[in-house]
Amino acid sequence: MSEDSQRNSAFNAAANSKVHHAQLDDISKCTPEKLGHLYRGGIRTGAGRTEAQAQQMLDKIPPSQRAGVDGQSAASKVKEYLADKDASHIKPHSKGGSSHPNNIKWENKTANRARGDQHMTRQEQRQLNVKAQVDNLRGALKAGVEAAPKGAVIGAVTTAPFSMLRNALRVVRGEMSAQEAALETVKETAIGGGVGATTAFTVTAVAAACPPVAVALAAMSPVLLAAGGAGMVYEFFKILDDHKQQVKEYYSSLTQKELQYLQNVESELLYEHSKNLEFLNKSEALNAEITQRPIEPGVEGALKRYLESAAIAKSLGGTPIGNKQLPVSQKSLPSA
């Protein structure tokens, strides 16, 4: 899988990761029954809190426990979190403790009511702070897990077309079979899905746990989406350009092979030609030696020339042709 595909999968997965932290308007529209928790939680008598103070009470909920993909899902998370919570006073109301958000912590109903009108100890405050952090981490992980499947789909969809194109061109170039290309495409698509899932999980979890990151993500989402789109266009033309370059190099190497082959053929022909010339030179010298031999008179001289010619022919691999009645050697000649 190319680095371009991984980067585009990450950009597109991040751009489509949505994290929204609940606001008072979301509570009012989606779960209005929980407005009382925010405006009057912990207040025994008298006027309720201002809108700003109610927002502070909402902000006291761990960020990831009031985060969703939109206002409705975020408000549902708030409703779920507050289902078993009381607005617990640090300094009891009965002993002059204020109902201002600064004197309030969200606490399990059972623990709050068991304390009665006693001050919340520093240890209890620390325990609530730790629990809030754990709840925030747990909620962030849950949000990341919920976002991962969508990120996987986006990553796979981003990767698959380019992987198919790249491997199809490799088949055309003869670098792999169609079956190998199919397996490679499946493998690269799976990796792209993994990159998308990992990106979506990480981005969503961090943004859910940290509202400023969620705000930054929302602002950067169009930029990331544009970057992912531009990256896909770039990757498409890069694949085609790489194919063009590799085809050019292939034909260039093919031409070099052909030239080398022709050179080898030429060298072989020249070698054979030199051997033929050498043979012809030897033949001419032998022919001259044969034709320029002294001619002896009589039958004995003719027979001697015949036997010499037969020996030469035999040395050259030929078979002498003559009368079977001729003697095979000079020893067979009758004496004069």
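Residues numbered from 1 in each chain as written. Predicted model: local features only at pLDDT ≥ 70, side-chain atom pairs only at ≥ 80, totals over all residues. Heavy atoms only, no water.

Visitor: Talk me through the overall build of the protein chain; I want residue IDs and the actual numbers.
Guide: Looking only at helices and strands, the protein chain features 10 helices and four strands. Reading the helices (α) and strands (β) of the protein chain from amino to carboxyl end gives α-β-α-α-α-β-α-β-β-α-α-α-α-α. Among the 336 residues that make up the protein chain, the fraction classed as buried is 33%. Accessible surface computed for the protein chain: about 20700 Å², of which carbon and sulfur atoms make up 59%. (Helix = DSSP H or I, 4+ residues; strand = E, 2+ residues; numbered from the N terminus. Buried < 20%, exposed > 50% of the residue type's maximum accessible area, 1.4 Å probe, protein only. Areas by Shrake-Rupley, 256 points an atom, 1.4 Å probe, with all protein chains shown as cover.)

Visitor: Any details on the packing of helix α7 (residues 122-172) against helix α8 (residues 178-209)? Residues and values, ideally.
Guide: Working note: a packed helix pair is described by the angle between its axes plus the distance between those axes. Relative to each other, α7 and α8 sit at 155°, their axes nearing to 4 Å. Here α8 runs roughly antiparallel to α7, going by the angle between their axes. The two elements α7 and α8 meet at a crossing, and its hand is right-handed. Grouping the amino acids of the contact of α7 with α8 by side-chain chemistry returns 19 nonpolar, 13 polar and four charged. (Axes fitted to C-alpha atoms, helices over the stretch in contact; angles between N-to-C directions. Parallel < 35°, antiparallel > 145°, perpendicular 65-115°, else oblique. Left-handed = near helix turned anticlockwise from the far one by under 90°. Nonpolar A, V, L, I, M, F, W, Y, C, P; charged D, E, K, R; others polar.)

Visitor: So what's going on with the side chain of Ser 221? Which residues, and what values?
Guide: Following the sequence through the fold, Ser 221 ends up in helix α9 (residues 211-291). We classify Ser 221 as buried; its relative accessible area is 8%. There is a polar contact of 2.7 Å between the side chain of Ser 221 and the backbone oxygen of Ala 15. Here Ser 221 is in contact with Ala 15 and Lys 18, once residues within four sequence places are set aside. (Polar contact = N/O pair within 3.5 Å; in protein donor to acceptor, adjacent residues only side chain to side chain. Contact = heavy atoms within 4.5 Å.)

Visitor: Describe the environment of Ala 208, naming the residues involved and giving the relevant values.
Guide: Mapping Ala 208 onto the fold places it in helix α8. With a relative accessible area of 1%, Ala 208 lands in the buried category. Between the C-alpha atoms of Ala 208 and Lys 142, which are 66 residues apart in sequence, the distance is 9.6 Å. Residues within four places of Ala 208 in sequence aside, it is in contact with Val 19, His 21, Pro 63, Ser 64, Ala 67, Asn 136, Ala 140 and Ala 143.

Visitor: A description of a nonpolar patch on the surface should follow, citing residues and the corresponding values.
Guide: Where nonpolar side chains cluster on the molecular surface, the patch consists of Val 233, Phe 236, Phe 237 and Leu 240 and spans about 360 Å² of accessible area. By the secondary structure assignment, Phe 237 is in helix α9. For Phe 237, a relative accessible area of 54% corresponds to the exposed category. (Patch = residues over 30% accessible without salt bridge, like charges linked within 9 Å, V, L, I, M, F, W, Y side chains within 5 Å. Salt bridge = Lys/Arg side-chain N within 4 Å of Asp/Glu carboxyl O.)

Visitor: Any chance you could break down the side chain of Gln 55 for me, citing the residues and the numbers?
Guide: Mapped onto the secondary structure, Gln 55 falls in helix α4 (residues 51-59). Non-local contacts of Gln 55, meaning those with residues more than four positions away in its chain, are made with Ala 22, Gln 23 and Leu 24.

Visitor: Talk me through the pattern of salt bridges; I want residue IDs and the actual numbers.
Guide: Using the criterion set out here, one finds 13 salt bridges in the structure. Between Arg 113 and Asp 86 there is a salt bridge; the shortest N-O distance is 2.9 Å. Separated by 27 residues along the polypeptide, Arg 113 in helix α6 (residues 109-115) and Asp 86 in strand β3 (residues 85-89) bring together distant segments of the chain. Residue class for Asp 86 comes out buried when judged on its relative accessible area of 13%. Of the charged contacts, one joins Lys 131 and Asp 135 as a salt bridge, the two residues approaching to 3.0 Å between their closest N and O atoms.

Visitor: So, helix α5 (residues 71-82): which residues are in play, and what are the values?
Guide: If you check α5, its first and last C-alpha atoms are 17 Å apart, about what 12 residues at 1.5 Å a residue would give, namely 16 Å. Listed in full, the buried residues belonging to α5 are Gly 71, Ala 74, Ala 75, Lys 77, Val 78, Tyr 81 and Leu 82. Down the axis of α5, the buried side of the element spans an arc of 155°, and every buried residue falls inside it. In α5, those exposed residues whose orientation departs by more than 90 degrees from the buried face are Gln 72 and Glu 80. The residue sitting at the N-terminus of α5 and contributing the capping side-chain oxygen is Asp 70; that oxygen lies 3.3 Å from the backbone nitrogen of Gln 72. (Expected span 1.5 Å × (residues − 1). Arc of directions from axis to C-beta.)

Visitor: Kindly report on helix α1 (residues 3-15), identifying the contributing residues and their values.
Guide: For α1, spanning 13 residues, the distance from its first C-alpha to its last is 18 Å, which sits close to the expected 18 Å at 1.5 Å a residue. Three or more residues of α1 are buried, namely Asp 4, Ser 5, Asn 8, Ser 9, Asn 12, Ala 13, Ala 14 and Ala 15.

Visitor: Explain the packing of aromatic side chains to me, and be specific about the residues and the numbers.
Guide: Here the structure, examined in full by the defined rule, presents zero aromatic pairs. Above the plane of the ring of Tyr 81 lies Lys 85, whose end atom (NZ or CZ) is 4.2 Å from the centre. (Phe/Tyr/Trp six-rings, centres within 6.5 Å; stacked < 30°, edge-to-face > 60°. Lys NZ or Arg CZ within 6 Å of the ring centre and 35° of its normal.)

Visitor: Any chance you could break down the confidence of the model for the protein chain for me, citing the residues and the numbers?
Guide: With 85% of its residues at a pLDDT of at least 70, the protein chain reaches an overall mean of 84. For residues 328-336, every residue scores under 50 in pLDDT, and the model assigns this stretch eight contacts once sequence neighbours within four places are set aside. (pLDDT = per-residue confidence, 0-100.)

Visitor: Which residues make up the nonpolar core, and what values do they have?
Guide: Within the largest apolar cluster, 17 residues are counted, with the highest numbers of intra-cluster contacts made by Ile 27, Leu 38, Ile 61, Val 78, Leu 82 and Trp 106. Going through the elements one at a time, α2 (24-30), α3 (35-40), α4, α5 and β4 (104-108) are the ones with two or more residues in this core. At five residues, the largest contribution of residues to this core is made by α5. Discounting chain neighbours no more than four positions away, the residues touching Ile 61 are Arg 66, Val 78, Tyr 81, Leu 82 and Trp 106. (Core = buried A, V, L, I, M, F, W, Y, C linked by side-chain atoms within 4.5 Å.)

Visitor: Tell me about the packing of α1 against α7, residues and numbers included.
Guide: Running from N to C, α1 and α7 point in directions that differ by 150°, and their axes come no closer than 8 Å. Taken together, the axes of α1 and α7 are roughly antiparallel relative to one another. The interaxial crossing formed by α1 with α7 has right-handed handedness. Touching Ser 5, Asn 8, Ser 9, Asn 12 and Ala 13 of α1 are Gly 151, Ile 154, Gly 155, Thr 158, Thr 159 and Arg 166, all from α7. Looking at the contact of α1 with α7 residue by residue, the class counts come to two nonpolar, eight polar and one charged.

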